[in-house]
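So the chains spell out like this:
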Amino acid sequence: MRTRLARRLRRSRRRARVLDASAEQLPFADETVDTVVSTLVLCTVDDPDPVLREIGRVLRPRGQLLFLEHVRSDSPRLAYWQDRLADPWRRFAEGCHCNRATLELIRASGLELEDVQDASWRRMPPIVRPLILGVATKSGI
Ligand SMILES: C[S@@+](CC[C@H](N)C(=O)[O-])C[C@H]1O[C@@H](n2cnc3c(N)ncnc32)[C@H](O)[C@@H]1O
């Protein structure tokens, strides 16, 4: 995806830079970022709590996290299989945690959930089908 992004940027007239950084240590000063976008990353980082803290640190007051993540199922039956298959799936999918309750983690981080939709990731194995899309806002003045 990084390669695609760099290619699109070269073709576009936008003034933007692609930076490589770990989500635990974003190279931005406190409260300087308007918007953070996370697509299918909070499932893969080792520990989402420090990453969410880091997002909260760099966002300006009223800044927004836009997210699209696959999550732990609300269905006990599917959640059971997500737990059972979490280890082999993590090895297969390069560190992805299929049973992570990411929405609850975002809520617990102190960001304010504003607009959350459930969706289904079609043509994927059931354990990674439950998706959430939404906006979480940093409280502000
Ligand atoms: C499932 S892929 C999603 C890629 C892309 N965002 C997308 O939507 O297709 C998970 C991504 O999380 C990245 N990732 C994992 N741990 C990370 C970390 N600690 N900091 C930054 N990125 C991380 C991986 O490099 C990988 O690109």
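Residues numbered from 1 in each chain as written. Predicted model: local features only at pLDDT ≥ 70, side-chain atom pairs only at ≥ 80, totals over all residues. Heavy atoms only, no water.

## Structural notes on the sheet that holds strand β4 (residues 130-137)
Reasoning step 1: Spatial strand order, β1-β2-β4-β3: 4 strands in an open sheet with mixed pairing. Of all the strands in the sheet, just β1 (33-39) and β3 (112-120) have a single pairing partner and so form its edges. Geometrically, the sheet is characterised by an average inter-axis angle of 10° between neighbouring strands, direction not taken into account.
Reasoning step 2: Alignment of β3 against β4, held across 8 bridges, turns out to be antiparallel. From the neighbouring strand, Gln 117 faces β4, where its bridge partner is Leu 133.
Reasoning step 3: Packed on one face of the sheet, helix α2 (residues 48-58) meets β1 and β2 (59-70) and runs near 145° to β2. (Pairing = 2+ DSSP bridges. Helix = DSSP H or I, 4+ residues; strand = E, 2+ residues; numbered from the N terminus. Axes fitted to C-alpha atoms, helices over the stretch in contact; angles between N-to-C directions. Contact = heavy atoms within 4.5 Å.)

## A word on the pattern of salt bridges
Reasoning step 1: The final tally for this structure, using the stated rule, is 8 salt bridges.
Reasoning step 2: The residue Arg 2 makes a salt bridge to Asp 20 at a minimum N-O spacing of 2.6 Å. One end of the pair, Arg 2, is in helix α1 (residues 2-11); the other, Asp 20, is in the loop between α1 and β1, and 18 residues separate them in sequence.
Reasoning step 3: A relative accessible area of 58% means that Asp 20 is categorised as exposed.
Reasoning step 4: Of the charged contacts in the structure, one is a salt bridge between Arg 57 and Asp 30, with a shortest N-O distance of 2.7 Å. Of the two residues, Arg 57 sits in helix α2 while Asp 30 sits in the loop between α1 and β1, which places them 27 residues apart along the sequence.
Reasoning step 5: Counted as one network, the salt bridges with shared partners bring together Asp 30, Glu 54 and Arg 57. (Salt bridge = Lys/Arg side-chain N within 4 Å of Asp/Glu carboxyl O. Buried < 20%, exposed > 50% of the residue type's maximum accessible area, 1.4 Å probe, protein only.)

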